[in-house]
Amino acid sequence: MSADALIDSWKTSFPCTRAEAEAIDAGEIDIDAVLMTTEEIEDDVERWRLDAYTESQPDPAMIATLRALVPSAARVDPVVEALTPEDWVAMSQAGLEPIAEGRFVVHTSAHPIVAPPGGRAFLIDAGRAFGTGHHATTSGCLKALDAMAGTAFSAIIDIGTGTGLLAFAAQHLWPGARIVATDIDPAAVEVTRANMTANQVADIELIVADGALDPAITARAPYDLVIANVLAGPLVSMAPELASIAAPEATILLAGLLDTQRGQVVDAYTTCGCKLIAAEVRGDWTILTLAAGAERYVPTKPFDPKGRDGWALDL
């Protein structure tokens, strides 16, 4: 078998600044590549990196498009690497040391760990879905859920579940609750299903859905705990529908927004009768805890899911 036959995809890397990385993460970019930005040196705003993953070797047009995203690298040659399936496995696990938030420990296959007494360890390998626990939004949600342990919840929904981690944590804290986990991406739901098996988790209903716009979701409403760890634009767009499936005075946990976007997200939910209870800032990101109104929210106009992905926010 030739070496070329083992190539699975290509990785093209440019150095960039944090400002350029944030513009890429927050913007809508039409490019046939998966883009990731990484902080190379902690708290150094000039030392970030853009990685672009493509199915074929990048041509000059693709490289020019990527270079245009990071003007600070205008005179820098990209690093282009051919990746094999084995490379993906190594990359997905590299550096993902176990993390601990409250009673929860999250680890990969490469770094197994036993939970402390009274805690719960979850095996979540990096892969096709977001939510290994290592991003500030996911770990912040774990901490927020852990802090809610003394509150009783009977109906819980995790919107944009990714790997299923937050739904698993919720089930550990409230084993008698009815739990629904949803994601717009069928691949993420399959990842969650596999992670349920790996972690011996059962009795979580999985639904492929866009936000809360699915009869299977609305038929099971209201929920007294609503979790949504997605992005700021969709959070704003989904405010009326999430508020409408929340029980009176339900807890709503939101994440995936930059701190600069907090006001716009809070305003969207305040308009739907919700009240901000707490906000935790982790680096550039913010985790919001809100309470639904004393009466269940009734939308004033039909839901419009258009613009979910491309919602324009002031940064």
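Before reading further, recall that the structure is shown in the block above.
Residues numbered from 1 in each chain as written. Predicted model: local features only at pLDDT ≥ 70, side-chain atom pairs only at ≥ 80, totals over all residues. Heavy atoms only, no water.

Looking now at the overall build of the protein chain. Summing up its helical and strand segments, the protein chain has 9 helices and 14 strands in all. Burial status across the protein chain gives 47% buried among its 315 residues. Taking as baseline every contact in the protein chain between residues at least 6 positions apart, the subset at least 24 positions apart corresponds to 68%. (Helix = DSSP H or I, 4+ residues; strand = E, 2+ residues; numbered from the N terminus. Buried < 20%, exposed > 50% of the residue type's maximum accessible area, 1.4 Å probe, protein only. Contact = heavy atoms within 4.5 Å.)

A separate point is the environment of Ala246. Residue placement: Ala246 occurs in strand β12 (residues 246–258). Taking relative accessible area as the criterion, Ala246 reaches 1% and is therefore assigned buried. Separated by 91 residues in the primary sequence, Ala246 and Ala155 place their C-alpha atoms 9.6 Å from one another. Once residues within four sequence positions are removed from consideration, Ala246 is found in contact with Pro222, Tyr223, Val226, Ile252, Ala292 and Arg296.

Another aspect to go through is the nonpolar core. Ranked by internal contacts, the top residues of the largest apolar core, which has 36 residues, are Tyr223, Leu242, Leu254, Val265 and Tyr269. Put simply, the parts of the chain that give this core at least two residues each are β8 (155–159), β11 (223–229), α8 (232–245), β12, α9 (262–270) and β14 (285–291). At 8 residues, the largest contribution of residues to this core is made by α8. Those residues in contact with Leu254 that lie beyond four places of it in its chain are Ala228, Leu235, Leu242, Val265, Tyr269, Thr286, Ile287, Leu288 and Leu290. Membership of the second largest hydrophobic core comes to 33 residues, among which are Leu165, Phe168, Ile179 and Leu206. (Core = buried A, V, L, I, M, F, W, Y, C linked by side-chain atoms within 4.5 Å.)

A word on unusual backbone geometry. That bond from Ala221 to Pro222 is cis: its omega, 5 degrees, falls within 30 degrees of zero. Of note, Glu249 is a non-glycine position whose phi angle comes to about 65 degrees, a positive value. Structurally, the position occupied by Glu249 is in strand β12.

Per the counting criterion, the structure on display carries 3 aromatic pairs. Plain terms: the ring middles of Phe153 and Trp174 are 4.9 Å apart, the flat faces sit at 80 degrees to each other, and that makes the pair edge-to-face. A residue pair is termed long-range when its members are at least 10 positions apart, and Phe153 in the loop between α4 (136–147) and β8 and Trp174 in the loop between α5 (165–173) and β9 (178–183) qualify at 21 residues. Assigned by exposure class, Phe153 and Trp174 land together as buried. Chaining the aromatic ring pairs together yields one cluster made of Phe104, Phe122 and Phe168. (Phe/Tyr/Trp six-rings, centres within 6.5 Å; stacked < 30°, edge-to-face > 60°.)

This structure, assessed with the given rule, holds 12 salt bridges. Linked through salt bridges whose partners overlap, the residues forming this network are Glu101, Lys143, Glu280 and Arg282. (Salt bridge = Lys/Arg side-chain N within 4 Å of Asp/Glu carboxyl O.)

Time to look at the sheet that holds strand β1 (residues 9–16). Strands sit in the order β2-β3-β1-β4 across an open sheet of 4 strands; the sheet is antiparallel. The open sheet is flanked by β2 (34–39) and β4 (79–83), the only strands paired with a single partner. For this sheet, the mean inter-axis angle between neighbouring strands, taken without regard to orientation, is 25 degrees. With 5 bridges joining them, β1 and β4 adopt antiparallel strand pairing. The residue of β4 that forms the bridge with Lys11 is Glu81. (Pairing = 2+ DSSP bridges. Axes fitted to C-alpha atoms, helices over the stretch in contact; angles between N-to-C directions.)

What follows is about the sheet that holds β11. Read across the sheet, 7 strands follow the order β10-β9-β8-β11-β12-β14-β13 without closing on themselves; strand pairing throughout is mixed. Strand pairing shows two members of the sheet lacking a second neighbour, β10 (204–208) and β13 (275–282), which therefore form its edges. Ignoring which end each strand starts from, the neighbouring axes of this sheet average 15 degrees apart. Of the pairings in the sheet, the one linking β8 to β11 comprises 4 bridges and is parallel in character. Across the sheet, the residue bridging to Asp158 is Ile227, located in β11.

Okay, the packing of α8 against α9 next. For the pair α8 and α9, interaxial distance at closest approach is 8 Å and the crossing angle is 10 degrees. Here α8 lies roughly parallel to α9, going by the angle between them. Here Ala232, Leu235, Val236, Met238, Ala239 and Leu242 of α8 come into contact with α9, specifically with Gln264, Val265, Ala268 and Tyr269. Along the lines of polarity and charge, the residues of the contact of α8 with α9 split into 9 nonpolar, 1 polar and no charged. (Parallel < 35°, antiparallel > 145°, perpendicular 65-115°, else oblique. Nonpolar A, V, L, I, M, F, W, Y, C, P; charged D, E, K, R; others polar.)

A few words now on the environment of Pro71. Its place among the elements puts Pro71 in the loop between α2 (60–69) and β4. With relative accessibility at 53%, the residue Pro71 sits in the exposed group. Separated by 51 residues in sequence, Pro71 and Glu20 place their C-alpha atoms 8.1 Å apart.

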